[in-house]
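Residue-level structural notes
Residue-level listing of the chains:
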Amino acid sequence: MDLRIFTEPQQGATYETLLTVAKATEDLGFDAFFRSDHYVRMGSGDGLPGPTDAWITLAGLARETKRIRLGTLMTAATFRLPGVLAIQVAQVDQMSGGRVELGLGAGWFEEEHKAYGIPFPKEKFDRLEEQLAIVTGLWGTEVGKTFSHDGTYYQLTDSPALPKPAQGKVPVLIGGHGATRTPRLTARYADEFNMPFASIEDTERQFGRVRDAAEAAGRRADELVYSNALVVCVGRDDAEVARRAAAIGREADELRTNGLAGSPAEVVDKIGRYAAVGASRFYLQVLDLDDLDHLELISAQVQSQLG
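We now turn to the structure provided with this report. (Residues numbered from 1 in each chain as written. Predicted model: local features only at pLDDT ≥ 70, side-chain atom pairs only at ≥ 80, totals over all residues. Heavy atoms only, no water.)

**Comments concerning the pairing of strand S10 (residues 225-234)**
- S10 sits mainly inside the fold: nine of its ten residues count as buried.
- When strand S9 (residues 192-196) meets S10, the two strands line up parallel, connected through five bridges. From the neighbouring strand, Met-195 faces S10, where its bridge partner is Asn-228.
- Crossover S9 to S10 through helix H7 (residues 200-216) is right-handed.
- In the sheet, S10 pairs with strand S12 (residues 281-286) via five bridges, with the strands oriented parallel. Following the sheet pairing, Asn-228 is matched in S12 by Phe-282.
- Here three bridges tie S10 to strand S11 (residues 260-262), and the two strands are oriented parallel to one another. (Buried < 20%, exposed > 50% of the residue type's maximum accessible area, 1.4 Å probe, protein only. Helix = DSSP H or I, 4+ residues; strand = E, 2+ residues; numbered from the N terminus. Pairing = 2+ DSSP bridges. Right-handed = clockwise from strand over helix to strand, strands pointing away.)

**So, the environment of Pro-121**
- Among the secondary structure elements, Pro-121 is positioned in the loop between helix H4 (110-115) and helix H5 (124-140).
- On the basis of relative accessible area, Pro-121 is assigned to the buried category, the value being 16%.
- When the C-alpha positions of Pro-121 and Gly-107 are compared, they lie 9.7 Å apart, and in sequence the two are 14 residues distant.
- Leaving out residues up to four positions away in the same chain, Pro-121 has contacts with Thr-78 and Arg-127. (Contact = heavy atoms within 4.5 Å.)

Encoded structure:
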């Protein structure tokens, strides 16, 4: 069972804070450090000191860590041209020695696009599909050959398709609740399907759709990794759970229902129920990045029980 730490830096975090959390992630034996790709805080608060860019952050962390995987949940296809994104991810993968994974989504948060002058097109999902084709096509082109793409939204002519990632193939993650197109794109392009912030019942239903789509595309359904992203709030007792919930502006009982919250035993049990419907990897959304004792507790009393 892989446990990965997933952060939301747009809520307010410096690079130094993210580096501290990433190093703790590595030291405490977690599998990976992931971050969101957003430029504006969501909800209340000032978001100070302001946003950090996902791929610049990961480039820095690539040189400061040795073991953990690094990636995004999810890079917005609206933020970067696909050729540029392919170069950026390949370079960060080289900088990390082959530890990068790319979560790629359509983009959805219109406010951040308006705030920073980023176009917010109507046909986001169609653009995502072309981006997936281009990014994976560039990486998969044999050295010495060229890649071209004549699409509705993007045109590439005789690209040298360089640089190449350090890995033979950068794992691609696709996620979401969509019933039809999301499973189809996952089956065609992804190595992992991620179900974000969903109940066990909804997770089981969506995993089934993705499995069916994979089989229809001629892939074995178990070629894919199936994962969940859920907010985490663990405490040694009810008072500690309540304190950590309050620190992120949530209620303990609500988090027990909608996330991974409670005592270590409660959280291990709930992870087991997600695992029973096919999840083998969890992105633990950590919202209080100053609470390193929280990570230590999860490592010592949750991760240790999951092998």
